[in-house]
Amino acid sequence: MDLTSKKAAQISRRAFLQWSAAGLASSHFFLSGNGLLTPLSVQAQGLERIIPTSSNFDCGGRCLSKAHVLDGVITRISARANEELNPAVPVMKSCVRGRSYRKYQYQPDRLKYPMKRMGKRGEGKFGKISWEEAIETIAGRTKRLTDAYGPGCRFLAGSSGTSMGVFDHAKIGRRFFNVTGGFLDNYHNVSLANALVATTGVYGTGNSGNSMDSLLESKLIILWGHNPVETHFGHTNYYLKQAREKGVRIIVIDPRYSDSAVTYADLWIPVLPNTDGAMMDAMAYAIVSENLHDKHFLDTFCLGFDEEHMPEGVPAGESYLAYLMGKKDGVVKTPAWAERICKVPANAIRKLAIEYASAKPAALLSGWGPQRNSAGERTVRGSAMLCCMTGNVGKLGGWAGGYAGISRPGPVGMPIPKNPLGQSINIMQWTDAVEDHTSVTPADGLRGTDKLTAPVKVIYSLSSNYLVGMNPDINKAKRLLEDETNVEFIVASDLVMNSSCLYADILLPSVTFFECWDLTVSFNCGAYFILSQKVVEPMFEARHPYEWMAEVAKRFGVEESFTEGRTQEGWIRFLLKETRKKYPDVPEWEQMKQQGIAYLPYETPAIAFKNILDDPEKNKFPTASGKIELCSKALYDLHDPEVPAVAQYVPAWEGPEDRPRVDKYPFQVIGWKTKNRDNSTLYTHPWLQQVASQVMWLNPLDARKKGIRSGDKVRVFNDRGALLIEAMVTPRIMPGVLAIPTGAWHSPGKDGTDRNGCLNVLTTDRKTPQARGNAHHSCLADIARA
Amino acid sequence: MFEGVSGCRVAPQADVFALKDVNGLADVMNLRGHVYSLARNLTCSYPSVELLTNIRKSQPVFSLMEDFESIHKICAGAVQCLSDEHSYAEVQNEYTRLFVGPASLPAPLWESVFLDKEHILFGEDTLAVRKFYAMCNFEFHERATRPDDHISIELELLYRLNESALQIVTARDNQVNLKNILSICELQLQFLRCHLLRWAPEAFALQLPHASTLVYQGLAELLVSFLPYDAHILIALQGDVARWI
Ligand code: SF4
């Protein structure tokens, strides 16, 4: 180290005199390159503008964020004012994440320049390159590999970072691939696959949800594994709060005493994960025992509840009632039977069942957490079963259960040209398609072809931390990606270096929602959309994927079909115009820029299937039979014990009855989505890391057994991997269950143990039996003090 | 002239130096110019062969700064890079790690990251720096996409101000305008005290343990020590010039 400043003061005289005698006048050392500073051309205006905009994250809410902009810089973010609430279409005020958007926008960790991989894949060594070089490389390598393996070798890792906008980066990627010959598309996602498939089986559609204002007419609300306080499902909280104020009783069923339980619950019933089905069966049994089931509804609208109303071709003894009474297996599904499995006291089950069946109408909202497990489809079907038995389907204040999609007006989406290849896989098959494409079969979800002709060789990962983040069993994914002979070319476009970007060959800096245009929507219960305005220029050399893909498309000779002559802003203007053709009340561009939100109010609450109840002659359920299929002939024909014809409890793999695995790994590990991030987006945000710490919840009984105290570092492990995390010993979680917040970015130590508490080193990528979906929350592990 | 910058008054110091004449003044300024352009160039972009060659050429000049081991380290590093490809590649990689990314930088070299209450890019301090540039009749032309307060730009401002003073000194036409020199020194001192000194030495102290090449170790050490030192130089210059007036 050189001089301290004090010493500097002492010696400056000597040095100074020495320098001054140097006679240097002729020596010169210039600035290299162009000067960074130029003569002042314009004086700053100093006028603040307030621009309404919104994020496009995969967040259930969708709030108006107001960017205060001074001289091209966002100086502050504010939320919708109280007076601006439109009670007909309530748009929520920004949550804690929204209040932190400025720090997210201006984080010093933003990716700033295009880069190329220098070391081994996954090693993290990159070098800065020009956009020109990046584009040439992307075009060249994509072309070469497409020529060698066909367009089916190209795959897209979707973008939960931008998924709630019409200009979602994945949609742009789809457009690009489809105009350049097609690609191996994917469907499902790890949020809701099981719920959607199971609900569609029962009702013929996933749109089984009412608009949220319906909740104000409920006499009882049950949140079953639903945690909207942290996940912000549209404006669910707005109505739950009012229901609560009105005195509507709210019961929360969850292995955790969640924030939603804290906020709303009159009663919390902890249930062991993966066993919800047993509890549902016992509730059904109790309802029938008390003769509280809605026979008229079941007889009129459903197939499969009792032997008298069975789908054609299914033999006797297969109805749900027969199952409840143990006609085949000799086991009567009493609350006492269920208690042994799900750990909910029989009395509590019975009381809950009677209460639910007696409160009319009542809404049983099943969240998406309990369906993200190996018994997920059966749980969803079970919830729909209970809704039918209690006659709450198609009723104001009731709820049909299941996936609960709501068909609402919204903005016109980005047109995606048809995939010329016509092939797609279920997202859970992507590692198979990399490792051994011949193992990818229609039985597991391959669509559009019997077999794949090529492995995945090219991946574009766009605003997505899926590959080595949200994907289950990321240690397996890492092994596959590290081997450069598998996937030969990976492009990642993102904001920050996340754990998936590490595997990129070309790494591109992307734009935030403040830096581009979009139309954004909430999860399905909000009847509005927002013009997400470009507020500032993209930072450093960041570019929207649309911009660089247009360049790549040019090198493929299809720029015109990719852009149709429109800029990014041009597309949003166009889509707004198209939306106005459908909904003329939607404001035009200039007005949207002022007000931000387009309200699409509806006159009465939207109630799923009400039209069918009102006029059953004319309207039918969109199933093959026209009825609600509580028993399914198609499923019966599978003769798969894991996919029973009726929604009965079957012990789940990686669940509490999965012997002998559970003897080795006695704890069930579940994840939950926290208030401080959206999936893994915002994970590194320092403020948000303080909002909720990355700790593992552990019941005091288990903690005592293992000698663990709050604050201890704990190693959680199974055959797939291990992680380190701080323990929080709390009765807010039931015994036998560990809960770890999802979305932590993977950060392995030397021995491969994750140090951030990234749950997906433990989870399995085994596919669920019916939907072939994900089972993140069916995960057995053991723990030890680290 | 400086009223817009609150809380940054420069305390007068009694250091008086015995500069003999204006030529001595030019020498001091020239040396400062060397140091500021060196630091600015090394922080601004990848060290090119041209830059490294320039550093090597300037070695005799830098050798005058015998109290600054760090600058000799930089020169030695430059010489090594020019003769050895491996060292050259290493110094390039190091620039990537320390100044580019993609992983978190050990010390993100923007003033507002250190001083803004939110520790962000484009914070309040960035706008204050932008104002200061405007006060000196400059602007950073890429400010729409890059923050104005990156270390390289702040160093360039000092280089530029020093240059303009040097020009006055070396304009041998008639009387040297000492008052102007005085106010340009004052401006530099203000910028050091209100901006650079408040964050840059700390930032480079943070960066130093992450630097492994001679060039960037030297640079970090140089900036930790030279910037506070330079404030004294400026005060000394002011003292002498004021005496001449
Ligand atoms: S993260 Fe979601 S709920 Fe929070 S402010 Fe943004 S859009 Fe709203």
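Residues numbered from 1 in each chain as written. Chains lettered and ligands numbered in written order. Predicted model: local features only at pLDDT ≥ 70, side-chain atom pairs only at ≥ 80, totals over all residues. Heavy atoms only, no water.

### Brief notes about the overall build of chain A
Next up, step 1: The helix and strand tally for chain A stands at 26 helices and 27 strands.
Next up, step 2: The C-alpha radius of gyration computed for chain A amounts to 28 Å, which stays within 12% of the reference 28 Å derived for 786 residues, consistent with globular compactness.
Next up, step 3: Taking the principal axes of the C-alpha coordinates as reference, chain A spans close to 105 × 65 × 60 Å.
Next up, step 4: The buried share of chain A, taken over its 786 residues, is 64%.
Next up, step 5: For chain A, restricting intrachain contacts to residue pairs at least 6 apart in sequence, the fraction spanning at least 24 positions comes to 73%.
Next up, step 6: Of the roughly 28,400 Å² that chain A leaves accessible, carbon and sulfur atoms contribute 51%.
Next up, step 7: Each charge class in chain A was averaged separately, 92 positive and 82 negative side chains, and the resulting centres sit 5 Å apart. (Helix = DSSP H or I, 4+ residues; strand = E, 2+ residues; numbered from the N terminus. Rg over C-alpha atoms; globule rule 2.2 N^0.38 Å. Buried < 20%, exposed > 50% of the residue type's maximum accessible area, 1.4 Å probe, protein only. Contact = heavy atoms within 4.5 Å. Areas by Shrake-Rupley, 256 points an atom, 1.4 Å probe, with all protein chains shown as cover. Lys, Arg positive; Asp, Glu negative; His and termini not counted. Charge placed at Lys NZ, Arg CZ, Asp CG, Glu CD.)

### As for the site of the ligand
Next up, step 1: Every residue lining the ligand is accounted for by Ser55, Cys59, Gly61, Arg62, Cys63, Ser94, Cys95, Arg97, Gly98, Tyr101, His232 and Asp678 of chain A.
Next up, step 2: Residues that form the shell around the ligand fall into these classes: four nonpolar, five polar and three charged. (Near = heavy atom within 4 Å. Nonpolar A, V, L, I, M, F, W, Y, C, P; charged D, E, K, R; others polar.)

### Examining the pattern of salt bridges
Next up, step 1: Within the structure shown, the criterion is met by 53 salt bridges over all chains.
Next up, step 2: Here aspartate 505 of chain A makes a salt bridge to arginine 117 of chain A, at a shortest N to O gap of 2.6 Å. Here the residue aspartate 505 of chain A occupies a position in the loop between strand 16 (489-494) and strand 17 (506-509), and arginine 117 of chain A occupies one in strand 5 (residues 115-117), the gap between them amounting to 388 residues. Across the pair, arginine 117 of chain A and aspartate 505 of chain A agree in class, each one buried.
Next up, step 3: The residue arginine 243 of chain B makes a salt bridge to aspartate 240 of chain B at a minimum N-O spacing of 2.7 Å. Placement of the pair is arginine 243 of chain B and aspartate 240 of chain B together in helix 10 (residues 214-244), with a separation of three residues, close to one helical turn.
Next up, step 4: Note on arginine 243 of chain B: relative accessible area 46%, which makes it partly exposed.
Next up, step 5: Judged by relative accessible area, which is 0%, aspartate 240 of chain B ranks as buried.
Next up, step 6: Salt bridges linked by common partners bring Glu132, Glu136, Glu551, Lys554 and Arg555 of chain A together as one network. (Salt bridge = Lys/Arg side-chain N within 4 Å of Asp/Glu carboxyl O.)

### Topic: the domain arrangement of chain A
Residue and element names in this part refer to chain A.
Next up, step 1: Annotation of chain A at the domain level lists domain 1 (115-183 + 422-513 + 540-581), domain 2 (205-407 + 620-638) and domain 3 (661-785).
Next up, step 2: Of note, the centres of domain 1 and domain 3, computed from C-alpha atoms alone, are 29 Å apart.
Next up, step 3: Taken together, the contacts link 24 residues of domain 1 with 23 residues of domain 3.
Next up, step 4: Summed over both sides, the interface of domain 1 with domain 3 buries roughly 1,800 Å², with 51% coming from carbon and sulfur.
Next up, step 5: It is Met428, Met470 and Asp473 that lose the most area in domain 1 upon contact with domain 3, and together they represent 31% of the buried surface on that side.
Next up, step 6: The interface formed by domain 1 and domain 3 includes four salt bridges.
Next up, step 7: In this structure, lysine 476 and aspartate 765 form a salt bridge, with 2.8 Å as the shortest nitrogen-oxygen distance.
Next up, step 8: Seen at the junction of domain 1 and domain 3, the total is 16 residue pairs in polar contact (both at pLDDT 80 or more).
Next up, step 9: If you list the elements that add at least two residues to the side of domain 1 that touches domain 3, you get helix 15 (430-435), helix 16 (466-470) and helix 17 (474-482).
Next up, step 10: Element by element, the count of residues in the side of domain 1 that touches domain 3 is highest for helix 17, at four residues.
Next up, step 11: Here the residues of the side of domain 1 that touches domain 3 are counted per class, giving eight nonpolar, eleven polar and five charged. (Domains from an automatic or database assignment. Buried area = accessible area lost by both parts, 1.4 Å probe. Polar contact = N/O pair within 3.5 Å; in protein donor to acceptor, adjacent residues only side chain to side chain.)

### A closer look at the interface of chain B and chain A
Buried accessible area, meaning the area lost when the parts come together, often serves as the stated size of an interface.
Next up, step 1: Across the contact, 82 residues belong to chain B and 62 residues belong to chain A.
Next up, step 2: For the pairing of chain B and chain A, the buried interface totals around 6,500 Å² over both sides, and the portion due to carbon and sulfur atoms is 63%.
Next up, step 3: Viewed at the interface, chain A and chain B are joined by two salt bridges.
Next up, step 4: The closest approach of N and O atoms between arginine 146 of chain B and glutamate 541 of chain A, which form a salt bridge, is 3.6 Å.

### Looking at the confidence of the model for chain A
Next up, step 1: The predicted model of chain A averages 95 in pLDDT, with 97% of residues at 70 or higher.
Next up, step 2: Within the model, the stretch residues 1-5 of chain A combines pLDDT values under 50 with 17 contacts to residues more than four positions away or in other chains. (pLDDT = per-residue confidence, 0-100.)

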